[in-house]
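# Residue-level structural notes
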Amino acid sequence: MVQTRFNDRKAFQNLNRLSKNLNEDKFHLKHMIQDKKRLENFSLKFDGFFYDFSKQRIDDRVMEELLNLARQAEAKKKFSQMVSGEIVNITENRAALHTAARGFIPDPANLTDMDVLSEINRVNSQIKEFSAKIHNSQIRSDSGKPFTDAVVIGIGGSYLGCEFVYTALKHCIEPKIKLHFLSNVDIDNFGQVIKTINPETCLWIVISKSYTTTETMANLKQVLLFLKNNKLDPSSHLVTVTAKGSPGDDPANKVLDSFHMFDFIGGRYSVTSAVGGLPLSLAFGFDIFTRFLKGCHAMDLHAVNAPEKQNIPLISALISIWNSNFLHYPAQAIIPYCSALSKLAPHVQQLYMESLGKGVTFDGNLIDYKTGIIIFGEPGTNAQHSFFQLAHQGSPFPVEFIGVVTPVYNKDQAGSNGVYNHQELWANMIAQAKALAMGKDDDNKAKYFTGNRPSSTLVINNLTPESIGMLLAFYEARTVYEGFILGINPFDQFGVELGKILASQIRDHIKQKNTDETYTFDSFDPATKFYLDTLFNGSL
Ligand SMILES: O=P(O)(O)OC[C@H]1O[C@](O)(CO)[C@@H](O)[C@@H]1O
């Protein structure tokens, strides 16, 4: 069925018109945020999750048209189809059932050709049993020692989400098994990791859906050599998380165990499958992983059931579309005022940009409007001392501030200024959003701030497995909603393929040179030849 293009929708035309009026002074944020009802009218709260979009450049009319845009795109209907297991990833002819990993399928009877929930439950039981055996030392290393550390070998969706959740949770829960991450093919990544572990008490978790990803396979090779050099048997030290039937699915028991991931859950949406489930259960216990899933599930239910007007992921997707397509901001920063969330932005970078950085519509037509924008971020206040100069006086971009009401560390003391560190942190977060919105007049133009720079603020009460789950599922749902409204497929990633193909061609030539010193790179363009010659010369 041919769909109406995003920019042919009536609401799109109306929003375009409304965006032109915004230059009038009365729409400057410094005036709009004075309205006593503004926060109440432009914020939403759900289950300890607060989303304030009162400092976005919107008013009631813009909001109403944005909601119309979502309705005209049937965003909620598409979201329901997704959680029900319909084929929403049409270019790859697959469902996108990451929500099922947290036990959420509204009507499992409709899933005829795959037993999604029983497969998920089977793998979760396997994870529960395996992690308990590691914790109670029923499973020990080759030399009979209890495991103390685990290295996750994986890249992209098989790494980033897990690192985000682990980094967040280790602030509030002492890990039983310490996790380390080996993602980059850079040999120095491997070199650093092996410095931090004891080979005799370390478990290696290879995570790769395809089990063909070059970086992961190259690192696996290094690990196997490392185990051999340390006289350790991979069948006692290595586990795999991979698709059923992949080269890493191990019926021959060459490794300690294999856990399945499924093609109905895409890599960047896979933290709640065995991809995150195994390492996080090893680190904190299966019960903590379950609590994390419950947080995701709560947000999933909200994303499906809340009406458009109260739906936090949907509203934030609309705000993002407003900022990119109508106000023409090219990027968005994610700034958590919380060190524990330091790996959130790298995770959302992949989730968002791999999902929404698309050039064709659902039905295969080239696109002439903005799809995904650039996402980047750093924790505050650090970000204030690096790139916030540009945020305040350079090219504007919307910012998403994230605050956590109660810190984990409960011995914070007031300094000589009578303020606790955590209060100082919040003072800065509040001030930055205000400064961006208000701006400041000054006769000295070097000290003049235009203001009218939009931001949202997201607040959670504290760092718990449940709240981290909600945060993760919020970003997933928002990404998917944005994709559905933009009329693109948020589940494929053909854009990563071309570089891989070219790398493989270059690799073939490197291989030839490794076996034949006289081999030349003359068949390449001059720059490629220059870089390869430099690599082989060992110096510029
Ligand atoms: O799990 P695999 O198959 O190793 O893939 C890793 C990652 O690589 C990508 O294909 C991108 O290159 C991601 O989508 C995926 O999460």
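What counts, and where the lines are drawn
Residues numbered from 1 in each chain as written. Predicted model: local features only at pLDDT ≥ 70, side-chain atom pairs only at ≥ 80, totals over all residues. UniProt positions renumbered as here; feature names shortened; annotations may be inferred. Helix = DSSP H or I, 4+ residues; strand = E, 2+ residues; numbered from the N terminus. Contact = placed C-beta atoms within 7 Å. Pairing = 2+ DSSP bridges. Axes fitted to C-alpha atoms, helices over the stretch in contact; angles between N-to-C directions. Core = buried A, V, L, I, M, F, W, Y, C linked by C-beta atoms within 7 Å. Buried ≥ 20, exposed ≤ 12 C-beta atoms within 10 Å, placed from the backbone.

### Observations concerning the UniProt feature "active site" (unreviewed entry) in the chain
In the numbering used here, UniProt assigns the feature "active site" (unreviewed entry) to E354, H385 and K500. Taken together, the annotated residues stretch across 147 residues and extend over separate regions, lying up to 36.3 Å apart by C-alpha. One can find E354 in helix α14 (residues 344-356). Excluding residues that lie within four positions of it along the chain, E354 makes contacts with R268 and Q493. Of note, H385 is situated in the loop between β9 (374-377) and α15 (388-393).

### What to know about the sheet that holds strand β8 (residues 331-337)
On the basis of which strands lie adjacent, the open sheet formed by 6 strands has the order β1-β2-β11-β10-β8-β9 and mixed pairing. The two strands at the open ends of the sheet, each matched to only one other strand, are β1 (43-46) and β9. Averaged over all adjacent pairs, the angle separating strand axes in this sheet is 15 degrees, with direction ignored. For β1 and strand β2 (residues 49-52), the ladder comprises 4 bridges, and the chain directions are antiparallel. By the bridge assignment for β2, K45 is matched with F50. Across the sheet, helix α16 (residues 421-438) is in contact with β8, β10 (399-406) and β11 (455-462); its angle to β10 comes to roughly 155 degrees.

### Structural notes on the sheet that holds strand β7 (residues 257-261)
Pairing is parallel across the open sheet formed by 5 strands, whose spatial order is β4-β3-β5-β6-β7. Unpaired on one side and paired on the other, β4 (178-182) and β7 mark the two borders of the sheet. Between one strand axis and the next, the sheet turns through 20 degrees on average, direction left out of account. Of the strand pairs in this sheet, strand β5 (residues 202-207) and strand β6 (residues 238-243) are connected by 4 bridges, and their pairing is parallel.

### A short note on the nonpolar core
Nonpolar side chains tend toward joint burial in soluble globular proteins. Membership of the largest hydrophobic core comes to 140 residues, with the highest contact counts inside it found for A150, V152, I153, V165, I205, L318 and I485. Sorting elements by how many residues they give to this core places helix α17 (residues 465-486) first, with 13 residues. Discounting chain neighbours no more than four positions away, the residues touching I485 are L69, A70, A73, A75, A317 and I321.

### Looking at unusual backbone geometry
For the peptide bond that leads from G380 to T381, omega is 10 degrees, which places it in the cis range. Mapped onto the elements, T381 comes out in the loop between β9 and α15. The backbone of S137 shows a phi angle near 65 degrees, a positive value even though the residue is not glycine. Following the sequence through the fold, S137 ends up in the loop between α6 (116-135) and β3 (149-153). With a phi close to 55 degrees, Y211 is a non-glycine residue in the positive phi region. Summarising the element assignment, Y211 is placed in the loop between β5 and α9 (214-229).

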